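Each chain, letter by letter, is given below.
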Amino acid sequence: IVSLKEAEKPQACCPSYCGECSDYPTCRSVRGQNSTLACCASEVVSMECGKGAAANVCLKKCTEALPPCIMPDGEVFTTPDPALRTAGEDCNEAVKDWRTRAAAATSTSNAPAP
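This structure is a prediction, so every number in the text was calculated from the model and none was measured. (Residues numbered from 1 in each chain as written. Predicted model: local features only at pLDDT ≥ 70, side-chain atom pairs only at ≥ 80, totals over all residues. Heavy atoms only, no water.)

(A) Unusual backbone geometry, seen in detail. In the segment running from proline 67 into proline 68, the intervening peptide bond is cis, with an omega of 5°. Relative to the helices and strands, proline 68 is located in the loop between α2 (41-46) and β4 (69-70). At arginine 31, a residue that is not glycine, the phi angle is positive and equals roughly 55°. Relative to the elements of secondary structure, arginine 31 occurs in the loop between β2 (29-30) and β3 (33-34). Judged by relative accessible area, arginine 31 falls into the exposed class, the value being 69%. (Helix = DSSP H or I, 4+ residues; strand = E, 2+ residues; numbered from the N terminus. Buried < 20%, exposed > 50% of the residue type's maximum accessible area, 1.4 Å probe, protein only.)

(B) Main features of the state of the cysteines. Taken as a whole and judged by the stated rule, the model has five disulfides. Residue pairing for cysteine 14: its cysteine sulfur links by disulfide to cysteine 21, the two sulfurs lying 2.0 Å apart. Its torsion about the S-S bond being 50°, the disulfide of cysteine 14 and cysteine 21 is classed as right-handed. Cysteine 21 matches cysteine 14 in its accessibility class, with the two residues each being buried. Sulfur-sulfur distance for the disulfide between cysteine 62 and cysteine 69 comes to 2.1 Å. Across the S-S bond linking cysteine 62 and cysteine 69, the dihedral sits near 95°, which makes this disulfide right-handed. Owing to a relative accessible area of 23%, cysteine 62 belongs among the partly exposed residues under this scheme. On the accessibility criterion, cysteine 69 (1% relative accessible area) is buried. Listing the disulfide partners of the chain by sequence rank of the bonded cysteines yields 1-3, 2-5, 4-6, 7-8, 9-10. (Disulfide = S-S within 2.5 Å.)

(C) Spotlight on the layout of surface pockets. In this structure, the largest pocket encloses a volume near 230 Å³. Residue lining of the largest pocket: 13 residues in total, with Ser3, Glu6, Pro10, Ala41 and Ser42 positioned closest to the centre. Each residue belonging to the lining of the largest pocket can be placed in one class, and the counts come to five nonpolar, four polar and four charged. (1 Å grid on protein atoms, 1.4 Å probe; cavity = no way out; pocket = protein on both sides within 12 Å on 5 of 7 lines; lining within 4 Å. Points joined across faces, edges and corners; volume = space filled by probe spheres on them. Nonpolar A, V, L, I, M, F, W, Y, C, P; charged D, E, K, R; others polar.)

Structural data, given as structure tokens:
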């Protein structure tokens, strides 16, 4: 989940269990655990590698790590076009194709697979 873009500040990306990536009132305790450095956007940004956080706990850019992470400078996240094709659209066809290929690979005859 990406934080909102603020002028002259890097964007943070938080794990999905946070629900949002901002400094909302309960960001410090999500699901009963200490989530300050994962769900509070300003805290996530303050932990960026090379900006003062200790090397063993600093957060890398999102191009190098999973959330929580820091979005690369100048990169603006845009949501995918919902009209684009997705894997779910042809899932049943993929299963049928895989089964056909698996049957052909394990078949001992020269006859084409069903």
